[in-house]
Amino acid sequence: IDITERKRMEEQLREGQAQFASVISSAMDAIITVDENQRVVLFNTAAEKMFRCAAEDAMGQEVVRFIPARYRDSHHEHIDRFGKANATKRAMGALGSVFGVRTGGEEFPIEASISHADVAGRKLYTVILRDITERKAAEDLLREQAALLDHAQDAILVRDLEDRLLFWNRRAERIYGWKSEEVLGKNVCELLYRENRAPYDAAKKALVAKGEWEGELRQLTRAGKEIIAECRWTLLRDSNENPRSVLVINTDITDKKKIEAQLLRAQRMESIGTLAGGIAHDINNLLSPILMSIRLLQMRGVDDDSQRILATLQSSAERGAGLVNQVLSFARGVQGDRILLQPRHLIREIVKILKDTLPKSIEVCLAGTEDPWLVSGDPTQLHQVMMNLCVNARDAMPNGGKLSILAENVVIDENYARMNLEARAGRFVLMTIADTGAGIPPHIVDKIFEPFFTTKELGKGTGLGLSTALGIVKGHRGFINVYSEVGRGAHFRIYLPAAAVGQKRDEEGEETKLPAGHGELILVVDDEEAILEITRATLEAYGYRVLTAPDGTAAVALFAQNNHEVRVVVTDMMMPFMDGPATIRALQKLDPRIPIIASSGFADNGKTAGAAGVSVRMFLSKPYTADKLLRALADIIQAN
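So, here is what we can say about the structure in this document. A quick note: this is a predicted structure, and the numbers were derived from the prediction, not measured.

Rules used in this analysis
- Residues numbered from 1 in each chain as written.
- Predicted model: local features only at pLDDT ≥ 70, side-chain atom pairs only at ≥ 80, totals over all residues.
- Heavy atoms only, no water.
- Helix = DSSP H or I, 4+ residues; strand = E, 2+ residues; numbered from the N terminus.
- Contact = heavy atoms within 4.5 Å.
- Areas by Shrake-Rupley, 256 points an atom, 1.4 Å probe, with all protein chains shown as cover.
- Core = buried A, V, L, I, M, F, W, Y, C linked by side-chain atoms within 4.5 Å.
- Buried < 20%, exposed > 50% of the residue type's maximum accessible area, 1.4 Å probe, protein only.
- Pairing = 2+ DSSP bridges.
- Axes fitted to C-alpha atoms, helices over the stretch in contact; angles between N-to-C directions.
- Expected span 1.5 Å × (residues − 1).
- Arc of directions from axis to C-beta.
- Phe/Tyr/Trp six-rings, centres within 6.5 Å; stacked < 30°, edge-to-face > 60°.
- Parallel < 35°, antiparallel > 145°, perpendicular 65-115°, else oblique.
- Left-handed = near helix turned anticlockwise from the far one by under 90°.
- Lys, Arg positive; Asp, Glu negative; His and termini not counted.
- Salt bridge = Lys/Arg side-chain N within 4 Å of Asp/Glu carboxyl O.

**Here we look at the overall build of the protein**
Part 1: On a plain count of helices and strands, the protein comes out with 20 helices and 23 strands.
Part 2: Within the protein, contacts between residues separated by at least 24 positions form 62% of all contacts whose residues are at least 6 apart in sequence.
Part 3: Carbon together with sulfur atoms contributes 52% to the accessible area of the protein, which is approximately 35000 Å² in total.

**Details of the nonpolar core**
Part 1: Of all hydrophobic cores here, the largest spans 39 residues; its most connected members are Leu 354, Leu 403, Phe 492 and Ile 494.
Part 2: Listed by contribution, the elements that provide at least two residues to this core are helix H12 (343-357), strand E13 (362-368), helix H13 (379-395), strand E15 (401-412), strand E16 (426-435), helix H15 (465-475) and strand E18 (490-497).
Part 3: By residue number, the principal contributor to this core is H13, which donates 7 residues.
Part 4: The contacts of Leu 403, once residues within four sequence positions are left out, are Leu 354, Leu 358, Ile 362, Glu 363, Val 364, Cys 365, Cys 390, Ala 393, Met 397, Ile 433 and Ala 434.
Part 5: Membership of the second largest hydrophobic core comes to 26 residues, among which are Leu 157, Leu 165, Leu 217 and Trp 233.

**Let's talk about the sheet that holds strand E22 (residues 596-600)**
Part 1: Spatially, the 5 strands line up as an open sheet ordered E20-E19-E21-E22-E23, and their pairing is parallel. A single partner strand is all that each edge strand has here, and the edge strands are strand E20 (545-549) and strand E23 (616-621). Ignoring strand direction, the axes of neighbouring strands in this sheet form an average angle of 20°.
Part 2: By the bridge criterion, 4 bridges tie strand E21 (residues 566-572) to E22 in an arrangement that is parallel. By the bridge assignment for E22, Val 569 is matched with Ile 596.
Part 3: Running over the sheet, helix H16 (residues 529-541) touches strand E19 (521-525) and E20 and is turned about 170° from E20.
Part 4: Helix-sheet contacts for helix H20 (residues 626-639) involve E19, E21, E22 and E23, and the interaxial angle to E21 is about 140°.

**Remarks on the sheet that holds strand E17 (residues 479-484)**
Consider a sheet: its strands pair through backbone hydrogen bonds, and that pairing is either parallel or antiparallel.
Part 1: Read from one edge of the open sheet, 5 strands run E13-E15-E16-E18-E17, paired in mixed fashion. The sheet is open, and its two borders are formed by E13 and E17, each paired with just one other strand. Neighbouring strand axes in the sheet, compared pairwise and without regard to direction, differ in orientation by 15° on average.
Part 2: Note that E13 and E15 share 7 bridges and pair parallel.

**Comments concerning helix H9 (residues 198-210)**
Part 1: Look at H9: 19 Å from first C-alpha to last across 13 residues, which is about the 18 Å you get at 1.5 Å a residue.
Part 2: Turning to H9, its buried residues are Tyr 200, Ala 203 and Leu 207. In an axial view of H9, the angular spread of the buried residues amounts to 65°, which keeps them on one side of the axis. Exposed and oriented more than 90 degrees from the buried face of H9 are Lys 205, Val 208 and Ala 209.
Part 3: Along its buried surface, H9 packs onto strand E7 (155-160), helix H8 (188-192), strand E9 (212-220), strand E10 (226-237) and strand E11 (243-252).
Part 4: Phi turns positive, to about 90°, at Gly 211, one or two residues after H9.

**Remarks on the packing of aromatic side chains**
Part 1: Here the structure, examined in full by the defined rule, presents 12 aromatic pairs.
Part 2: The interplanar angle of 5° and the centroid separation of 5.9 Å between the aromatic rings of Tyr 71 and Phe 99 together place this pair among those described as stacked. With Tyr 71 in the loop between helix H3 (55-58) and helix H4 (72-84) and Phe 99 in strand E4 (residues 98-101), this pair connects stretches of sequence that are 28 residues apart.
Part 3: Classification of Tyr 71 by relative accessible area gives partly exposed; the value is 28%.
Part 4: Ring geometry for Trp 213 and Trp 233: centres 4.9 Å apart, planes at 55°, overall tilted. Residue Trp 213 is found in strand E9, and its partner Trp 233 is found in strand E10; the two are separated by 20 residues along the sequence.

**Considering H15**
Part 1: Counting buried residues along H15, 9 of its 11 residues qualify, which places the element largely inside the surrounding structure.
Part 2: All of the buried residues in H15 are Leu 466, Ser 467, Thr 468, Ala 469, Leu 470, Gly 471, Ile 472, Val 473 and Gly 475.

**A look at the packing of H16 against H20**
Part 1: Contact geometry of H16 with H20 gives a least axis separation of 11 Å together with a crossing angle of 60°. Relative to H20, the element H16 is oriented oblique. You can see that H16 and H20 cross each other, and the crossing is right-handed. Residue-level contacts link Thr 535, Thr 538 and Leu 539 of H16 to Ala 626, Leu 629, Leu 630 and Leu 633 of H20.

**Description of unusual backbone geometry**
Part 1: At Gln 38, a position not held by glycine, the phi torsion is positive, near 65°.
Part 2: Residue placement: Gln 38 occurs in the loop between strand E1 (30-34) and strand E2 (40-43).
Part 3: A positive phi angle is found at Asp 163, which is not glycine, with a value near 70°.
Part 4: Among the structural elements, Asp 163 can be located in the loop between E7 and strand E8 (165-168).

**Some words on the side chain of Glu 173**
Part 1: One can find Glu 173 in helix H6 (residues 170-176).
Part 2: Comment: no salt bridge for buried Glu 173; closest opposite-charge side chain is Lys 179, at 4.1 Å.
Part 3: Not counting the four nearest positions on each side in its chain, Glu 173 is found in contact with Trp 168, Trp 178, Lys 179 and Ser 180.

**Quick look at the environment of Leu 341**
Part 1: Considering the arrangement of structural elements, one finds Leu 341 in strand E12 (residues 339-341).
Part 2: We classify Leu 341 as buried; its relative accessible area is 7%.
Part 3: For Leu 341 and Ser 376, which are 35 residues apart along the polypeptide, the C-alpha to C-alpha distance reads 6.3 Å.

**A short note on the pattern of salt bridges**
Part 1: One pass over the structure, following the stated rule, counts 23 salt bridges.
Part 2: A salt bridge links Glu 62 to Arg 39; the shortest N-O distance between them is 3.9 Å. Of this pair, Glu 62 sits in the loop between H3 and H4 while Arg 39 sits in the loop between E1 and E2; the two residues are 23 residues apart in sequence, bridging distant segments of the chain.
Part 3: The class for Arg 39 is partly exposed, based on a relative accessible area of 37%.
Part 4: Three or more residues are tied together by salt bridges with common partners; here these are Arg 52, Arg 102, Glu 106 and Asp 131.

As structure tokens, this is what we get:
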């Protein structure tokens, strides 16, 4: 019988089996085949290395010897279900968490695929196994690192070179408002820089050029809130030094920048205040004799036309003094006469004025508590603050709108106080003036309280309204907050400290007749000749005798000659040769009981005068009227 063909086929079969055995032996993954009784019929070289068991020792053994004991029962159930199922294979990793055990008892994680087939009437199961010990360790390390990044206080992002987000830690979720699963794969510009990406593009160019970049960028949160972020970018590279991705670390410094802006504004106000105080002193010295001269002329019984002219002069002089006081208000927080007052009465008076004067297209609304706490303040100054803000609200609504005034009681805690440089914890009366006007652009919000800053047309605003309001409120130990959105109006919130519980309002009666003297001798000291002359004429017109001195040295000499007759000394605080404090000390050495009235156009000198000695009974801020001087003299003489 010719068996050539059979021999050829047998040879091909042997070659095929050798090739198959070589392929199985050289495979990188472990390959194990078992029969329906779960006994090993194939165990390749990779399996020998993985389980540290020779093939001859594994052949014919139950495969469960390579499975940890706690998984053997579930393994039998799984194989039984798999053999009865319609599916003939499951892909690598589809089996979930699988563990093997090496000879010697060491367990290790594996990834497996499984298939079954009928061969010559026998059901065989083949598994391909991959040792993932190193990969699991790397994944655990990555998870630990990700957990650390999630606890970082900065937003940490990773994006690819096309600006798609690859990583987004929990701090980024809290700062920006998006969950990680919502942003991964999305373009960072469409999220954080959706209104203005020009600064981002400039920073990106610098990053490509230098490999890293640091700077500040304005970003938007999910809610549309603008924040300022301090950014640190690093270009990450692969093993061939080609750019791969960008590591981004962002710190939200919005509150920090706000506090810095408040501090810088306070420093600017302080420096301007020093300059304004000096100017105000000189102007007040000029206005003082004018105001006192008007009173003298009015006393002379001139005709009606002359009285009207004098009234106009007095009004103009008082307006000039008011302007100076505005400058001092924002600069130094000038403190006027303080009384306990009910804010509700002040607000109702302002609402009445507004309803009578504002255009009918503007609706004025009053809201808030019916019984706000009392505050200690100067009603005239607080009235000025409210009117300034209401006039600005009117100007912001040229086509009409709604002006709301709200008064309520609030308690500020330590956390809020730490976030606001000028705030402090305690009980406050909050007065809010809100409009529905054009709003204030973000880039000028920090400038609106600066003196002489205005957005109004030439001739329609001096730029002193808000700076004056700020100075007055600070002088009352309060503070102002502003919130505004362009196109949605502005809210000015005025916080005034509430009076201590138990304090009651003083009932004050106004005197209608000016008190006159009875020949008492008054020593007036001032380096301004006009003030000396007008003060002399005023006091003499009201029954006093007067000595005048142009400086401290002359005053001491006159007092030494007339010390038994002089009842009160009125002295300026800023003079050449011998200033006010030195003059006061010299006079006290001659007569420790002599009552002294100090005066100055610089309000801070009131504290200096008070520190000069107990003889200083009163401080008059220039320009003062004849009424204030006469009442002060009457009170002191009566007390002595």
